[in-house]
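# Coordinate analysis (summary)
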Amino acid sequence: MMSTSNHAQTDRTPVSDADVCIVGAGPAGAIVAQRLAASGASVVVLEAGPRFDGDRREQLERHVRPGLGTPWEMGGPRDEFTSSGESFYPLNAGRVKGVGGTTLHWQGMVMRLHERDFELDSRHGVGADWPISYTDLKPYYAAAERELGVAGAVDNPYAPPRDEAYPLPAFPPSYSDSLFAEACERLEIDMHSVPSARNSEPFDGRSPCVGYGTCKPVCPSGAKYTAESHVEKAESAGARVVDHARVRRLEHDESGTSVVAAVYTTPDGETHRQTADEYVLACGGVENVRLLLLSASDQYPDGLANSSGVVGQYFMEHLFAGMGGRLDRPTRQNHVGFNTSETHQFYDDSEPVNGLKLEFLNYAGPSPVVDALHAETWGDELRTQLADAYGTHIAMGALVEQLPRADNYVTLDTETTDDLGDPVPEVHWSVDDQTRAALARANEIQASVMDELGVDVEWTVGPDNTGPAFHHMGTTRMGTDPETSVVDGECRSHDLQNLWIAGSSVFPTGGAMNPTLTIAALSLRLAESIQGRMP
Amino acid sequence: MRLTRRDAIAVLAGLGIVGGGAVAIDRFDPPTAESDDGDRDDIPQAVVVSTMVAAGEVVYPSETEGIREFVEAYVLGRTRDEERGAQLRAAAAELDAVARDWHGEPFSDLPRDERDSLLRELGADTADPVADGTLSERIRFHVVNELLYAFYASPTGGRLVGIENPIGYPGGTESYQRATTAETEDG
């Protein structure tokens, strides 16, 4: 197998007369690129990571077999970071640099935020209101579902209003879901399907899911959406996507009102300046901040687009709560790598006010093949070990909202530099008491289900041992007031008239729904706004 | 429980080595004593295959039948990748050389329990799998784990421990709704 990450692309020089320069080829950047290129704009996308061509089975084997390294080559000198908060933040486990971005290894869960998520301050006096409402975003959510090819069913009584069916039929519930269903019925907990960016039937030239069981971190069949789809379409429409192009700073004009160049370095050591009329930052909730801060100038000593001083502040995550154990019968886990049932029944509760959603896992407990490759024996002894370990595990997960707090932030660690000599991002993050209380509530509901089902609970992840779901949000927040926010309701910087930010860094609050559908919806809306400025 | 070449080809297909096993099998020259010239620069495929088959008889459950056909097909498909193939061949040859040094016989001629002991004495049971590591690490990676992956990522091997569509094998959407393990190979 050839290496998937190479420097095959040789011409990484700037595009002359570009209308739009986009930094980052993840879902946000790729969707904006596709939309604008399709409308006739000259678009260039600068991506720090490689283009992972070649056989996706290489990543599959790296994932399953110990000793082959990480599937997406994250964690080298390029990706240095500092974690300085009370809770260690494992940044490189939660992002991918490359064409496709973090959708290369994402799980593919795509829910809309709820109406209340856009107005938490008004409704509950916590967090912040978004400058836009669910109604404003609703048509873009529908368009995003079509773009990503979402498989879903209109069977969730707690979901926000929608006007159309999902583009693809939902994946039917698993056998494991049927075990939960009996207990949840008795507890009056409503289970429903999970919107999934994964083909339940052929769509957009990609295969339906065949069940490799490795969705996160890799889908060898191509059934799971990755932003490579939009990159490909953008390129077909004329966009130029440059990989291994590490943008190191943005330069502005003398008046300080416009960005005039994105300065990037390529593997040959050359540094280039890409000029354009409009600039879109789409490199995630951590690197967006880093790039703005690295772009400090005499006029903007605190970094670009940061006259408010809030760039990097209000870093938010979704926290995981979980519980699992064993049942007295087969549970049929690890056939697929995605979930087919959740409950959003408790999402809009006001006590706790933090959003929370509960998941019924289809991948509880060990996978025999993975265990075998780590075992310290073989033959009949191994067979017995594997057969005993597999078969009766069952578990629930949950995501819990973390509200925006100034003491959770991303900044530059000026003491530490990457291999190009640029200061690395510093993530300062901890889990506050309010979030801990919401995690405890998630555990309480999970415990009631486990008890009703008769599960012998073996593990709990809750307030004291929770971890992040790798959703980087809030660090370039959206708002109407330039003194307290970084971008406006259109995702355009308050300070620089041609600088836009796409992605979850603009979320003023993050709810407890996986963020990518909202990222896609905002990106479609942003592309429309830029289109409106084109001659 | 019987493994077949078809099982091996299915695992290879999951790894993207489509058709590789079948083509290689057609070209396979059955092992003969004459073809084993012991030249490390050109390790005879017969030594590699017989050593891997003999190791398979150790690391697979004792009830397994059809190991030779299965391992032959898997190894021949696997070694089509030049770099991995060279490393696998070298690791198998080194295991065979250790057997000759310590016991005066090829690894494949040793009784099963002696093969088991030899692998454990080499530390292949506890070593980390490292493709270009120490001898123990390489034997763990290229011999033990290669064989275990082939076995437990196949529906037939997976079924033996309760899952007919193991992680890494494309078939889970056919089985995730079922209450019981499918007995047939329709995956």
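Computed from a predicted structure; not experimentally measured. (Residues numbered from 1 in each chain as written. Chains lettered and ligands numbered in written order. Predicted model: local features only at pLDDT ≥ 70, side-chain atom pairs only at ≥ 80, totals over all residues. Heavy atoms only, no water.)

## Here we look at the overall build of chain B
- Helix and strand content of chain B: nine helices and zero strands.
- Of all 187 residues assigned to chain B, the portion counted as buried reaches 57%.
- Within chain B, contacts between residues at least 6 apart in sequence are counted, and of these 55% link residues at least 24 apart.
- As displayed, chain B has an accessible area near 7,500 Å², and 45% of this comes from carbon and sulfur atoms. (Helix = DSSP H or I, 4+ residues; strand = E, 2+ residues; numbered from the N terminus. Buried < 20%, exposed > 50% of the residue type's maximum accessible area, 1.4 Å probe, protein only. Contact = heavy atoms within 4.5 Å. Areas by Shrake-Rupley, 256 points an atom, 1.4 Å probe, with all protein chains shown as cover.)

## A few points about the packing of aromatic side chains
- Evaluated as defined, the whole model comprises 15 aromatic pairs over all chains.
- Taking the centre distance of 4.6 Å and the plane angle of 75° together, the rings of Phe151(B) and Tyr152(B) count as edge-to-face.
- Looking at Phe151(B), the relative accessible area reads 0%, which means it is buried.
- An aromatic cluster is present here, built from Phe118(A), Trp130(A), Tyr134(A), Tyr141(A) and Phe507(A) joined pairwise through their rings.
- Sitting over the face of the ring of Phe141(B), Arg65(A) holds its NZ or CZ atom 4.4 Å from the ring centroid. (Phe/Tyr/Trp six-rings, centres within 6.5 Å; stacked < 30°, edge-to-face > 60°. Lys NZ or Arg CZ within 6 Å of the ring centre and 35° of its normal.)

## Notes on the sheet that holds strand β11 (residues 318-326) of chain A
Residue and element names in this part refer to chain A.
- One open sheet holds the five strands; their spatial order is β12-β13-β14-β11-β17, and the pairing between them is antiparallel. For this open sheet the edge positions go to β12 (341-343) and β17 (456-461), each flanked by a neighbour on one side alone. Strand-to-strand twist in this sheet, taken as the mean axis angle between neighbours without regard to direction, amounts to 20°.
- Across three bridges, β12 lies against strand β13 (residues 356-360) in antiparallel orientation. (Pairing = 2+ DSSP bridges. Axes fitted to C-alpha atoms, helices over the stretch in contact; angles between N-to-C directions.)

## Regarding the pattern of salt bridges
- With the rule as written, the count across this model stands at 53 salt bridges over all chains.
- Its salt-bridge partner being Arg78(B), residue Glu61(A) comes within 2.2 Å of it at the nearest N-O pair. Taken together, the positions of Glu61(A) in helix α2 (residues 57-64) and Arg78(B) in helix α4 (residues 67-78) put the pair across two chains.
- The class of Arg78(B) is buried, set by a relative accessible area of 1%.
- For Arg290(A), the salt bridge identified is with Glu287(A), shortest N-O distance 3.3 Å. One end of the pair, Arg290(A), and the other, Glu287(A), are both in helix α7 (residues 284-294), three residues apart, so they sit about a helical turn from each other. The burial state of Arg290(A) is the same as that of Glu287(A); both residues are buried.
- Residues joined in a network through salt bridges with shared partners are Arg78(A), Asp79(A), Arg95(A), Lys97(A), Arg246(A), Glu287(A), Arg290(A), Asp418(A) and Asp419(A). (Salt bridge = Lys/Arg side-chain N within 4 Å of Asp/Glu carboxyl O.)

## Some points on a negative patch on the surface
Residue and element names in this part refer to chain B.
- Residues Glu105, Asp109, Asp113 and Glu114 make up a contiguous surface patch of negative charge.
- Among the secondary structure elements, aspartate 113 is positioned in helix α6 (residues 112-121).
- When its relative accessible area of 53% is taken as the criterion, aspartate 113 is described as exposed. (Patch = residues over 30% accessible without salt bridge, like charges linked within 9 Å, V, L, I, M, F, W, Y side chains within 5 Å. Lys, Arg positive; Asp, Glu negative; His and termini not counted. Charge placed at Lys NZ, Arg CZ, Asp CG, Glu CD.)

## Observations concerning the interface of chain A and chain B
- Listed by partner, the interface residues are 45 residues for chain A and 50 residues for chain B.
- Carbon and sulfur atoms supply 56% of the area buried between chain A and chain B, which totals about 4,000 Å² over both sides.
- The three residues of chain A that bury the most area against chain B are Arg65(A), Arg332(A) and Trp378(A), which together make up 21% of that side's buried surface.
- Between Arg383(A) and Glu63(B) there is a salt bridge, with the nearest N and O atoms lying 2.1 Å from each other.
- On inspection of chain A and its partner chain B, the count reaches 27 residue pairs in polar contact (both at pLDDT 80 or more).
- At the level of secondary structure, the elements contributing two or more residues to the side of chain A that touches chain B comprise α2, α8 (368-374) and α9 (379-389) of chain A.
- Here the side of chain A that touches chain B is built from residues that sort into 23 nonpolar, 13 polar and nine charged. (Buried area = accessible area lost by both parts, 1.4 Å probe. Polar contact = N/O pair within 3.5 Å; in protein donor to acceptor, adjacent residues only side chain to side chain. Nonpolar A, V, L, I, M, F, W, Y, C, P; charged D, E, K, R; others polar.)

## Focus: helix α6 (residues 228-236) of chain A
- For α6(A), the complete set of buried residues consists of Ser229(A), His230(A), Val231(A) and Ala234(A).
- The secondary structure elements touched by the buried residues of α6(A) are α1 (27-38), α4 (134-148) and β6 (240-242) of chain A.

## Remarks on the confidence of the model for chain B
Residue and element names in this part refer to chain B.
- Counting all residues, the mean pLDDT for chain B is 86, and 84% of those residues have values of 70 or more.
- Summarising per-element confidence for chain B, the mean pLDDT is lowest in helix α2 (residues 20-27) (45) and highest in α6 (98).
- In the predicted structure, residues 20-40 sits below a pLDDT of 50 and forms 31 contacts with residues beyond four places in sequence or in another chain. (pLDDT = per-residue confidence, 0-100.)

## Thoughts on the pairing of strand β10 (residues 278-281) of chain A
All names here are of chain A.
- Because side chains alternate across β10, one face comprises the buried residues Glu278 and Val280, and the other comprises Tyr279 and Leu281, equally buried.
- Taken together, the four bridges between strand β1 (residues 20-23) and β10 define a ladder with parallel strand orientation. Bridging from a neighbouring strand, valine 23 pairs with leucine 281 of β10.
- The sheet contact formed by β10 and strand β18 (residues 499-501) spans three bridges and is parallel. Bridge assignment links leucine 281 to a residue of β18, and that residue is isoleucine 501.

## Overview of the domain arrangement of chain A
All names here are of chain A.
- Domain annotation of chain A identifies domain 1 (9-150 + 196-317 + 406-429 + 471-535) and domain 2 (171-194 + 318-401 + 430-467).
- Across the boundary between the two partners, domain 1 contributes 36 residues, which contact 32 residues of domain 2.
- Together, Arg116, Trp429 and Ala512 form the three largest contributors to the area buried by domain 1 at its contact with domain 2, with a combined 20%.
- The interface formed by domain 1 and domain 2 holds two salt bridges in total.
- Here arginine 116 ties to glutamate 401 by a salt bridge, and the two come within 2.8 Å at their closest N and O atoms. (Domains from an automatic or database assignment.)

## Concerning the nonpolar core
- In this structure, Val43(A) and Leu148(A) are the most contacted members of the largest nonpolar core, which totals 128 residues.
- Sorting elements by how many residues they give to this core places helix α11 (residues 516-533) of chain A first, with nine residues.
- Residue assignment places this core across two domains, with domain 1 (9-150 + 196-317 + 406-429 + 471-535) and domain 2 (171-194 + 318-401 + 430-467) of chain A each supplying three or more.
- Once residues lying within four places of it in the same chain are set aside, the contact partners of Leu148(A) are Ile31(A), Trp106(A), Val110(A), Ala197(A), Phe203(A), Arg206(A), Tyr225(A), His230(A), Leu517(A) and Ala520(A).
- Grouped together as the second largest cluster of nonpolar side chains are 63 residues, Val11(B), Ile17(B), Val71(B) and Leu160(B) included. (Core = buried A, V, L, I, M, F, W, Y, C linked by side-chain atoms within 4.5 Å.)

## Focus: the packing of helix α3 (residues 45-59) of chain B against helix α7 (residues 135-152) of chain B
Residue and element names in this part refer to chain B.
- Contact geometry for α3 and α7: axes closest at 10 Å, N-to-C directions at 60°. By the angle between their directions, the pair α3 and α7 is classed as oblique. Pair α3 / α7 crosses with right-handed handedness. In this structure, α3 contributes Met52, Ala55, Gly56 and Val59 to the contact, and α7 contributes His142, Val143, Val144, Glu146, Leu147 and Leu148.
- Its residues placed into classes, the contact of α3 with α7 shows seven nonpolar, two polar and one charged. (Parallel < 35°, antiparallel > 145°, perpendicular 65-115°, else oblique. Left-handed = near helix turned anticlockwise from the far one by under 90°.)

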